[in-house]
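This is what each chain is made of:
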Amino acid sequence: MAAPVDTAINAAAPPPPPMDIVDGIRRLRGELKRSEGQIADLVLADPRRVLELNVTSLAQAAEVSEATVVRFCRSIGCTGFPDFKLRLAESRARDAVRGEVRGGTPYVSQDVAPDDDVGTLARKIFSSSAAALTAAAAGLDDAALDRAIALLATAPRVLCVGTGGSSALAQDAAHKLLRFGADAQPCADPVLARMLLANLGAGAVLLALSNTGRSGTINELAAAARAQGIAVVAITAPHSPLAAMASVVVASQPVEDTEMYTPMASRLVHLTLIDVLSTGVALRLGDPAVRQLAKVKAAINAGRLPPLA
């Protein structure tokens, strides 16, 4: 028989956290105490605003104590306030992916309003970026990442391609791979990219970046690469035309409605995925990559000016 203290602890344990915290709060709303219900109403009315608050400011907004905020978090299945904020961020990111987050400023950002002051828009963008990264991390396909890293680590040459906003990402990918001794080259010119692709040779990899996976230029390059027997690693939307042509898909669901908004948070997700792949390549290569990185660092440092006195 369990000791009475164990029974008491088990009885007081919070319920398991719901898959979506906002849906869970909506279901539990009628069971919460009055003071906790005031917090729930704030969350349900404006989850984006709550995401920007700390425990003190949330308590003040709901006109309750900070201890009540902590009890509310536990009542809805979270371990505490940080866990609650993390799950709320994940919920917002999922809603954004499903297109359920409305408002925003057309062609600029879905998270800011035209009348936001600088402090508000800055915090909104930081919050939406953090939420997008959290959601992307939760949906990673470890097996696909491992296959992509293996291809990049063994490739004699890597051609990194992207158009529009993704052209800068392709350049960042090549820059990171070059530090570890890879023969990587970025290219945003479709004609030059076709020439480089024709000269890649056996074992090479085309690293294709496209937020939507519907870029005609990038998809044509991917098709040409596969026709040459060249592996294609694509960082792109799952179930997209580019994903269908890729040898390995590092899937990244677009966060924004790209027909209406600039892909801001999605670009940060792609940059982070590039960091994951390049770091994985460095770890796969081991000591040679470390020695190469030391050489590159020394060459860069040699060109830097001394610090100011």
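The paragraphs below set out a description of the structure included in this document.

Okay, the environment of T154 next. Relative to the helices and strands, T154 resides in helix α9 (residues 142-154). Once the C-alpha coordinates of T154 and V205 are considered, the two residues, 51 residues apart in sequence, prove to be 9.3 Å apart. Polar side-chain contacts of T154 include one of 3.4 Å to the backbone oxygen of L151.

Membership of the largest hydrophobic core comes to 31 residues, with the highest contact counts inside it found for V158, C160, L207, I235, V250 and L277. Elements with a contribution of two residues or more to this core: α9, β1 (158-161), α10 (165-179), β3 (205-210), β4 (231-236), β5 (248-251) and α14 (264-285). The residues touching L207, leaving out its near neighbours within four places in the chain, are V158, L159, C160, V161, A173, V233 and I235. With 25 residues, the next largest nonpolar core counts L58, A62, V69 and I76 among its residues.

Before going further, it helps to examine the packing of helix α2 (residues 21-28) against helix α3 (residues 34-45). The N-to-C vectors of α2 and α3 enclose an angle of 135 degrees; their axes lie 10 Å apart at closest approach. By the angle class used here, α2 and α3 are oblique. For the crossing formed where α2 meets α3, the hand is left-handed. Where α2 approaches α3, its residues V22, I25 and R26 are matched on the opposing element by A40, V43 and L44. Tallied by class, residues from the contact of α2 with α3 come to 5 nonpolar, no polar and 1 charged.

Criteria and cut-off values
- Residues numbered from 1 in each chain as written.
- Predicted model: local features only at pLDDT ≥ 70, side-chain atom pairs only at ≥ 80, totals over all residues.
- Heavy atoms only, no water.
- Helix = DSSP H or I, 4+ residues; strand = E, 2+ residues; numbered from the N terminus.
- Polar contact = N/O pair within 3.5 Å; in protein donor to acceptor, adjacent residues only side chain to side chain.
- Core = buried A, V, L, I, M, F, W, Y, C linked by side-chain atoms within 4.5 Å.
- Buried < 20%, exposed > 50% of the residue type's maximum accessible area, 1.4 Å probe, protein only.
- Contact = heavy atoms within 4.5 Å.
- Axes fitted to C-alpha atoms, helices over the stretch in contact; angles between N-to-C directions.
- Parallel < 35°, antiparallel > 145°, perpendicular 65-115°, else oblique.
- Left-handed = near helix turned anticlockwise from the far one by under 90°.
- Nonpolar A, V, L, I, M, F, W, Y, C, P; charged D, E, K, R; others polar.

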